[in-house]
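# Observations on chain architecture
One-letter residues, chain by chain:
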Amino acid sequence: MKPAAFEYHAPRTLEEAVAVLARVAPEEGRVLAGGQTLVPAMALRLARPGHLVDINGVAGLDRIDVADGVVRIGACVRHAAVDAPGPMGRLMALMKRHIAHGPIRARGTFCGSLANADAASEWCLLAVAMDARVEVRSARGARILAVDDLLLGSMMTTLEPDEMIVAARIRLLPERARVGFHEFARRAGDFAQVMAVAVLGDDGPRLAIGSLEPRPRRLPEAEAALANDPVDLAAASRTAAAALLLPEEDAYLRALAETSVRRALEAAA
Amino acid sequence: MSAEPVRTVAFGVNGETREATIPVRRTLGDVLRHDFGLTGTHLGCEHGVCGACTVLLDGRAVRACLMLAVQAEGHEIRTVEGLADAAGALHPLQQAFCDHHGLQCGFCTPGMLTTLVEFLADCPDPTAAQVRVAISGNLCRCTGYESIVAAVLDAAARMRAA
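Presented here is a report on the structure given in the accompanying data block. (Residues numbered from 1 in each chain as written. Chains lettered and ligands numbered in written order. Predicted model: local features only at pLDDT ≥ 70, side-chain atom pairs only at ≥ 80, totals over all residues. Heavy atoms only, no water.)

### Some words on the overall build of chain B
Helix and strand counts for chain B stand at 5 helices and 5 strands. Here the C-alpha radius of gyration of chain B, 16 Å, is about what a compact globule of 162 residues would show, namely 15 Å. Each principal axis of the C-alpha atoms in chain B carries an extent, and together these give about 55 × 30 × 25 Å. Among the 162 residues that make up chain B, the fraction classed as buried is 52%. In chain B, the share of contacts with a sequence separation of at least 24, taken over all contacts with a separation of at least 6, comes to 56%. Computed over 12 positive and 17 negative side-chain charges, the separation of the two mean positions in chain B equals 5 Å. (Helix = DSSP H or I, 4+ residues; strand = E, 2+ residues; numbered from the N terminus. Rg over C-alpha atoms; globule rule 2.2 N^0.38 Å. Buried < 20%, exposed > 50% of the residue type's maximum accessible area, 1.4 Å probe, protein only. Contact = heavy atoms within 4.5 Å. Lys, Arg positive; Asp, Glu negative; His and termini not counted. Charge placed at Lys NZ, Arg CZ, Asp CG, Glu CD.)

### With respect to the nonpolar core
A:Met92, A:Phe110, A:Leu114, A:Leu126 and A:Ile170 are the most contacted members of the largest nonpolar core, which totals 58 residues. Among the elements that line this core, the one with the most residues is helix H6 (residues 122–129) of chain A, at 7 residues. With sequence-adjacent residues up to four places away left out, A:Met92 is seen in contact with A:Val71, A:Ile73, A:Val82, A:Asp83, A:Ala84, A:Trp123, A:Leu126 and A:Ile170. The next biggest cluster of nonpolar side chains, apart from the first, holds 36 residues, and it includes A:Leu38, A:Ile104, B:Val24 and B:Phe36. (Core = buried A, V, L, I, M, F, W, Y, C linked by side-chain atoms within 4.5 Å.)

Remember, this is a structural readout, not a statement about activity or role.
This is the structure in structure tokens:
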């Protein structure tokens with residue numbers, strides 16, 4: 001057995017889950033959803049939670065609901081199941097094939113990726129690009145956070161130890177919106193070195209980049225360049241790469257960023 | 001630390017209900033091997049990267065090293081031991097691996113087979129490129145993958161004809 005010992009809790013309702021979490025949070029209690037990051041971290045003993053609150057048995061958390069132009073993705077929706085109507089669904093499909101490999105996508109969750117806040121997370125990038133919101137619960141109550149107020153930096157969020165993400169909400173894209181995604185990784189399924197999302201047309205332009213900085217972000221300078229007529233994708237890509245906070249001498253990563261942004265834009269154009 | 005927390009779990013393994021009282025920190029891969037004696041599931045990296053421990057959870061390929069066994073409660077697990085039929089005849093994929101030398105040391109083979117059982121159910125007539133994507137999460141250090149891809153394409157053809 002590789003993980004250090006812990007106590008295991010398998011609540012059946014959300015109320016029970018947040019009650020247990022409130023009780024065990026002071027003793028390094030953690031929420032277990034897909035487990036595709038937490039369990040390997042425990043195997044390596046980088047994480048040694050005293051308690052795991054397994055939310056996989058909580059009824060209703062595996063649902064995707066679409067209402068009023070918003071897709072709501074529950075806390076236990078697996079990567080493989082993430083979907084939405086229209087261009088948003090197409091963008092999600094483009095992105096999710098880059099998340100590790102099939103067996104990881106069968107277990108890992110969308111909301112778990114947000115809570116984990118890896119700089120190379122595709123779903124964090126999507127959430128930032130689309131100004132997603134997250135529903136957070138604890139025994140103390142509920143709150144709704146803009147994703148920009150959730151993600152602090154690499155592997156850091158503003159979640160309190162007794163809080164859990166219940167769902168993420170993303171506004172759907174209008175039918176005529178055009179979407180593009182590009183990711184560069186050294187090996188198939190590996191963490192991205194750089195990735196970019198572009199939305200053009202209705203509801204655009206939106207341009208966001210991930211992996212190179214501690215957290216994904218939109219690039220307003222490049223978005224402004226995309227509003228020019230005629231639009232110059234190459235110039236916008238240079239603007240995007242120039243805006244990144246990278247060591248000045250790191251020409252390779254900046255060139256990679258420019259290429260990734262340009263390919264995402266060309267895919268959307 | 002007080003006494004090791006344990007829990008009694010029951011889940012299906014290759015069509016039979018199995019029960020065990022186990023430490024809650026024991027992974028599904030360890031329970032299959034150590035508690036149930038099903039050593040066909042191999043544990044390589046034990047952090048989800050190598051793919052050797054892949055098993056089918058309700059028909060979906062998952063890493064047995066990244067699931068706690070207590071999370072399998074009420075579910076159905078299929079391992080490499082459950083691929084051959086009741087009379088012992090190899091699954092068409094297993095036979096094709098044998099015919100095409102799709103293995104040398106055999107360490108990756110159980111994970112390759114379980115991953116590919118799911119893949120061929122979803123995609124019965126794949127291209128070689130699709131097969132390569134399907135096994136991109138399974139490391140093989142012997143074959144160079146060529147013989148594995150040949151075996152999968154042959155197995156797919158045999159399964160379509162059956």
